[in-house]
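Residue-level structural notes
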Amino acid sequence: MNIIKCAHKVCTILMETSRPIYIWVLLLGIFIFPINIGAQELVLPKDSIITINLDEVILISARKTLDYHRQPKPLSTLDEYLESSKKVDMVKRGAYAWEPTLNNMFSERLSVTIDGMRIFGACTDKMDPVTSYVDVSNLSRAHIASGQQGTEHGNTIGGAINLELDRGNFKETGLYGGVETGFESNNQMSVVGAEFNYSDSNFYVDTDIIYRKAENYVAGGDEEVEFSQFEKYNVSANGGYKLAEDRAFTASLIYDEARDVGYPALTMDVSLARAIIASVGFEQDALWGSLTNWKSKMYFNKVTHVMDDTKRPDVPIHMDMPGWSDTYGFYSQAALKAKRHQFLFKLDGYYNKSLAEMTMYPNDPNELPMFMLTWPDVRTANGGVYAEDELDLNGSLLKLATRLTVQNQNVADEFGLNSLKIFYPEMEKSKTRFLKSISGQWHKMWMPWHFNAGLSYGDRAPSVTEGYGFYLFNSFDNHDYIGDPGLDNEKSMEANTKISWEKSKFKLSAEANFFHIADYIIGEIDPSLSVMTIGAEGVKIYRNLDYTNLFNTSLDMEYAILPELKWSGLISYHRGTDNNGGNLPFISPFSYRSGFQFDNRSFSAALRITGAGKQVNYNPDFGEDQTQAYTVCSLTFGKTFKFNNDSMYAKFGVENIFDEYYSTYTDWKNIPRMGRNFFLTLSYSIN
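Remember, predicted model here, so these are calculated numbers, not experimental data.

A word on the side chain of Q409
Counting through the fold element by element, Q409 comes out in strand β20 (residues 396-411). Judged by relative accessible area, Q409 falls into the buried class, the value being 5%. When near neighbours in sequence (up to four residues on either side) are disregarded, Q409 contacts V378, R379, T380, K429, S430, K431, P462, V464 and Y468.

In structure tokens form, the structure reads like this:
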């Protein structure tokens, strides 16, 4: 314990300086004395293409039993799984529906998909990220691609997160399933789930259901965090039928609903968040000529989100804020192998309707309610073509990729259009944009060394909020925001590199990327405008900055002390500035993780430590203040019990062992993280 406190103090002192030399001295020191840092293990499959793409794959499905048991908390939320990534952090506004950031960029700069399907939240306050409408019971893995390497799933700046559905894939497994339950002491969360599946060589069907209910959680020092409760259930089914040996029909359906969701960092809670996600697909091994692996899918999703403040005390004016987002889409892709080339071609498109409204009810019964459209029924039609070529250069690999997209946005509601014309009298009802991306990624291997380097260019269109939002209150900086339909596309030039060294027992890799983003979209104060929200400090309008620079670097290591015992560690440093040298908001301070993992297949144990230095590069103009350094420890034990052909897996653990009171740079308005938490999960598999 004294060693940990000592390391924590050293981190705090060194992080008070921004000189890079101190950063790297600290990185070296942490890896020389690994007990002082912490990380969660990322399980990477052997057949992944990370040697070229610098991607990550986080396994989730319980079917991969060994990898499932290695997870720190098997029945944790999807948010906690994603937070184990090297590049992903989660913005927390409550205990539910955290918003993923990738390379320190928010969701508007990312492409987040579910099995390749585009889906968009219906909340103007980002209380319903795409990741909140699925659960770990639906998924097999999360595929995380950095920067322009994620453009297979849409135009992006920061990268892409694709959540892949779990399915039987025509394996001869017959009937199987399981039940699982879990409990967490801190917020009295109970989890109950079940799955029943069938698969043979011609047909498969997977079904599952999961239910979660949690009360308010308690921060370190026994401080209750009010309005942090939530209740959610998720039901899904997917299946496939072989029409012939080389072709199959597939379908999937997800129904997700959350109620009574509290958001302690915001002024409103959520009475309903519901999504229906459906798709049908066709797969064929050979198309024509040398084209193979033809996959096509048509999909639809409908999202409903209702904010309300009826359970909040002392509300100056009651508001209802419902939102709706409907998306219809498709994609079709095929591969082609020709000598040294391996091509992938993809055609995709979607049509989205985003509508949100706000009704304010004055306390005086003689005053009439005030109504406005915060998203004025914006219709987005997007169609694109993606192509990549993986070229074997006799000892090295080169991947070239490009995407061309045309996008049209149309304001369908006349009332909403006229509201925006108050600020932009010359604006057109419809606007068309052309988006593009091109990237190159090179990999060279000198055993045991691997070297990757890449260059890319890409752009994105403004989001619905950035282009058409109308008086959207941001509680973080206490300002109302107004969109600008005339914004230029945001443009990114990116460079990345990675060098790794791997032996049978020891792995070491260092990675860095740099983004130069021109016409960066961010809110700027307009002193001529009056606020709409009671207590707001001013009004910001989304504008294009000349440019910003973002730099991310990380160093990670793994060492097999014994065949059953491994140590792993990860440290990272990030920096973001605008064209005037000012700090960008929500940029991670120096952070570190480490862990010891023991696993002999029937029994597992893990000790993990995670932490960050003091945030020294922050921006008060966007509501940020300095977050303090912290170190948090967790301990878990797992055991498998066999019952003939069935098995039961039990996992017990404690998080935040020393009950530290802390918040991270991504915790909205510094809401504290959960204090000490004991958990127990039981999973019974029927084979």
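Having seen the model, we can carry on.
Some thoughts on the packing of aromatic side chains
Under the counting rule described, the total for this entry stands at 27 aromatic pairs. On the numbers, 5.7 Å between centres and 10 degrees between planes, the contact of F343 with F345 is stacked. Given the relative accessible area of 22%, F343 is considered partly exposed. Aromatic rings pair up to connect F106, F476, F586 and W668 into one cluster. Between R109 and the ring centre of Y520, over which it is positioned, the NZ or CZ distance is 4.0 Å. One residue, K242, lies across the ring of F170, its end atom 5.3 Å from the ring centre.

Focus on unusual backbone geometry
The step from M447 to P448 runs through a cis peptide bond, and the omega angle for that step is 5 degrees. Mapped onto the elements of the fold, P448 is located in the loop between β21 (430-446) and β22 (449-460). Backbone geometry places N293, a non-glycine residue, at a positive phi of 50 degrees. Here N670, not a glycine, exhibits a phi torsion of approximately 60 degrees, which is positive. Mapping N670 onto the fold places it in the loop between β32 (646-655) and β33 (677-686).

Brief notes about the pairing of β32
The element β32 is largely enclosed, with a buried count of seven among its 10 residues. Pairing between strand β31 (residues 630-643) and β32: 10 bridges, direction antiparallel. Counterpart to K639 in the pairing with β32 is A650. Between the antiparallel neighbours β31 and β32 lie two residues, among them N644 with a positive phi of about 55 degrees. As paired elements, β32 and β33 share nine bridges and run antiparallel to each other. Within β33, the position partnered with V654 by the bridge is F678.

Basis of the calculations
- Residues numbered from 1 in each chain as written.
- Predicted model: local features only at pLDDT ≥ 70, side-chain atom pairs only at ≥ 80, totals over all residues.
- Heavy atoms only, no water.
- Helix = DSSP H or I, 4+ residues; strand = E, 2+ residues; numbered from the N terminus.
- Buried < 20%, exposed > 50% of the residue type's maximum accessible area, 1.4 Å probe, protein only.
- Contact = heavy atoms within 4.5 Å.
- Phe/Tyr/Trp six-rings, centres within 6.5 Å; stacked < 30°, edge-to-face > 60°.
- Lys NZ or Arg CZ within 6 Å of the ring centre and 35° of its normal.
- Pairing = 2+ DSSP bridges.

Read these as spatial facts, not as claims about activity.
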